[in-house]
Amino acid sequence: MPGRRSRNVPLSRAFLWRLAGTPALRYLERLGWNPARHPDLRSGRMGRMSEIDGMGTDRATCWLAPNPSAMTLDGTNTWVIGEPGAEEVVVVDPGPKDDVHLKRVVDGIAAQGRRVGLVLLTHGHPDHSAGAKRFSELAAASAASAARRPVPVRALDPRHRLGDEGLAEGDVVTTGGLELRVMETPGHSHDSLTFWLPADRAVLTGDTVLGYGTTVVEGRLGDYLSSLDRLRAFSEDVEAATILPGHGPKLDDPIGALDHYIGHRRERLAQVEEAVAAGARTAKEVVARVYADVDKSLWPAAEWSVQAQLDYLKERGGA
């Protein structure tokens, strides 16, 4: 029975992301058990939906998916982006394979007399991408999509594409008269992308920068630090006005947010070095020292990031 299992039992990263890519969390919550509930949220039901769902800019609007968890914060942010008055929109990260969420987004777009012209993925984790194929089918079948052709899904990783076109550094998306510029920002995952919406001076960061807290580093920490440094320099150069993240509220001080992220990563790295010098050898041992004041339900996720830090230090000859 679900209720008999401890909420503090460590779950694998792959399992947690897969779980967050399905409607399972909503059903488990109804049974009184969410194995991935974020400790800062009183309930797993949509989190702080009132302040996230519907947020955005003149061209980008967030539709919050109902999959809150320790991995996804309040849920996955699905972004609908369109030029004012344009009939065609771009959808970034349809989210989990959850028909309630996917239909809500498709129906909302159709109610505006618009259609989905293209789907983009910031990366391939299931909480962002698992619903993409189903979303493409629903969008193609909607009343607003008269042509009823499958809606293309573009991503850096070919495994997550639907159609012939991918995404890569320097690409410019112009669907519906938009201008969205593509940047490769690996670190959270090998295939992480960032999109720049110059008309709104908005940076869509996926999971590279979140609305609050810090992201899990699944890839190489060196890549992630380079991505943060690059985003910081880029945001200053273009005078970015807001960050539209893959989870959590938007950030209207991009430079401050990125400075915080960079500073936090450097501070954690120094703490990991100190823990290793004090005798810690495994990621679990380091977490017990460095994250002693953090809710233990988050320790498994912290271990993944610490392992990336240990690998980074080893590469540099420091561990």
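Keep in mind that what you see is a predicted model, and the values were worked out from it rather than measured. (Residues numbered from 1 in each chain as written. Predicted model: local features only at pLDDT ≥ 70, side-chain atom pairs only at ≥ 80, totals over all residues. Heavy atoms only, no water.)

A. Here's a closer look at the overall build of the protein chain. Helix and strand counts for the protein chain come out as 10 helices and 10 strands. Looking at the protein chain as a whole, 54% of its 319 residues are labelled buried. Taking as baseline every contact in the protein chain between residues at least 6 positions apart, the subset at least 24 positions apart corresponds to 63%. Counting every atom, the protein chain has about 13900 Å² of accessible surface; 49% of that belongs to carbon and sulfur. (Helix = DSSP H or I, 4+ residues; strand = E, 2+ residues; numbered from the N terminus. Buried < 20%, exposed > 50% of the residue type's maximum accessible area, 1.4 Å probe, protein only. Contact = heavy atoms within 4.5 Å. Areas by Shrake-Rupley, 256 points an atom, 1.4 Å probe, with all protein chains shown as cover.)

B. Main features of the sheet that holds strand β8 (residues 193–197). One open sheet accounts for 5 strands, arranged β6-β7-β8-β9-β10; its pairing is mixed. Only two strands of the sheet have a single partner each, and these edge strands are β6 (172–173) and β10 (242–245). By the bridge criterion, 2 bridges tie β6 to strand β7 (residues 180–184) in an arrangement that is antiparallel. When the bridges of β7 are listed, Val172 appears paired with Arg181. (Pairing = 2+ DSSP bridges.)

C. Highlighting helix α6 (residues 132–141). Turning to α6, its buried residues number three or more, namely Ala132, Phe135, Ser136, Leu138, Ala139 and Ala140. On its buried face, α6 sits against β3 (88–92), α4 (99–111), β4 (115–120), α5 (126–129) and β5 (153–154).

D. Inspection of the sheet that holds strand β2 (residues 77–81) at higher detail. Across the sheet, 5 strands lie side by side as β1-β2-β3-β4-β5; this open sheet has mixed pairing. Each edge of the sheet is formed by a strand with only one pairing partner; in this case those strands are β1 (60–64) and β5. Note that β1 and β2 share 5 bridges and pair antiparallel. Looking at the pairing, Leu64 lines up with Asn77 of β2. The strands touched by α4 within the sheet are β1, β2, β3 and β4, with β1 carrying the most contacts at an inclination of about 150°. Here α6 sits on the sheet in contact with β3, β4 and β5, set at roughly 165° to β4. (Axes fitted to C-alpha atoms, helices over the stretch in contact; angles between N-to-C directions.)

E. Structural context of the side chain of Thr175. Relative to the elements of secondary structure, Thr175 occurs in the loop between β6 and β7. With a relative accessible area of 17%, Thr175 lands in the buried category.

F. Spatial organisation of the packing of helix α8 (residues 254–277) against helix α10 (residues 299–315). α10 packs onto α8 with a crossing angle of 75° between their chain directions and a minimal axis gap of 10 Å. Judged by the angle between their axes, α8 and α10 are roughly perpendicular. Seen from α8, the contacting residues are Arg265, Arg266, Arg268, Leu269, Val272, Glu273 and Val276; seen from α10, they are Ser305, Gln309, Leu310, Tyr312 and Leu313. When grouped by side-chain class, the residues that make up the contact of α8 with α10 number 6 nonpolar, 2 polar and 4 charged. (Parallel < 35°, antiparallel > 145°, perpendicular 65-115°, else oblique. Nonpolar A, V, L, I, M, F, W, Y, C, P; charged D, E, K, R; others polar.)

G. A look at the packing of aromatic side chains. Under the defined criterion, the tally for this structure stands at 1 aromatic pair. Between Trp196 and Phe234 the ring centres are 5.3 Å apart and the planes differ by 90°, which places this aromatic pair in the edge-to-face class. Here Trp196 is found in strand β8, whereas its partner Phe234 is found in helix α7 (residues 221–238), with 38 residues between them in sequence. Accessibility expressed as a relative area gives 7% for Trp196, which makes it buried. The ring centre of Tyr291 lies 4.2 Å from the NZ or CZ of Arg268, which sits over that ring. (Phe/Tyr/Trp six-rings, centres within 6.5 Å; stacked < 30°, edge-to-face > 60°. Lys NZ or Arg CZ within 6 Å of the ring centre and 35° of its normal.)

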